[in-house]
Amino acid sequence: MTEQEIRQIQNEVFTKLVIDMLKQQRTDGVPVAEYCLDMYEVTKLTAEKVKQIISEQRK
């Protein structure tokens, strides 16, 4: 797997996580002006998911 392919996977996972977190805040009734993302958590979850995807593709 090339570095470019890994970067693409990271970008897709990161984007999906951010969208899902914002959707959850909207569902929870948080006003748009108060939306907040924990970037540490997003980065951590992205790394975990990318590792999982790469290990599955290597099998």
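In short, a report on the structure. The structure presented is a predicted model; accordingly, all values stated were derived computationally and were not measured.

The biggest cluster of nonpolar side chains holds six residues, and these are Ile9, Val13, Leu17, Val50, Ile53 and Ile54. Elements with a minimum of two residues in this core: helix H1 (3-27) and helix H2 (39-58). Ignoring sequence-local partners within four residues, the contact set of Leu17 consists of Val42, Leu45 and Thr46.

Attention now moves to the layout of surface pockets. Taken as a whole, the largest pocket encloses approximately 150 Å³ of empty space. In terms of lining, the largest pocket is formed by Ile9, Glu12, Val13, Lys16, Leu17, Asp20, Leu45, Lys49 and Ile53. Going through the elements one at a time, H1 and H2 are the ones with two or more residues in the lining of the largest pocket. For the lining of the largest pocket, the element with the most residues is H1, which contributes six residues. Among the residues making up the lining of the largest pocket, the classes are represented as five nonpolar, no polar and four charged.

Calculation criteria
Here the residue numbers are simple positions, counted from 1 along each chain's written sequence. Since the coordinates come from a predicted model, pLDDT governs what is reported: local features require at least 70, and pairs of side-chain atoms require 80 or more to be given and counted, while whole-chain, interface and lining totals use all residues. Excluded from the side-chain calculations are hydrogens and water; all other atoms, namely the structure's heavy atoms, are used. Only buried Ala, Val, Leu, Ile, Met, Phe, Trp, Tyr and Cys residues count toward a nonpolar core, and they belong to the same one when joined by side-chain atoms within 4.5 Å. Each residue is assigned to one of three classes by its accessible area relative to the maximum for its type, calculated with a 1.4 Å probe on protein chains only: buried under 20%, partly exposed between the two thresholds, exposed over 50%. Numbering goes from the N terminus for both helices and strands, where a helix is a DSSP run of H or I of at least four residues and a strand is a run of E of at least two. Any two residues having at least one pair of non-hydrogen atoms within 4.5 Å are treated as being in contact. Computed over the protein atoms alone on a 1 Å grid, cavities are sets of points where a 1.4 Å probe fits but cannot get out and pockets are open sets with protein on both sides within 12 Å along at least five of seven lines; a residue lines them when it has an atom within 4 Å of a point. Grid points are joined across faces, edges and corners, and a volume is the space filled by probe spheres set on the points. Residue polarity follows a fixed list, in which Ala, Val, Leu, Ile, Met, Phe, Trp, Tyr, Cys and Pro are nonpolar, Asp, Glu, Lys and Arg are charged, and the others, Gly among them, are polar.

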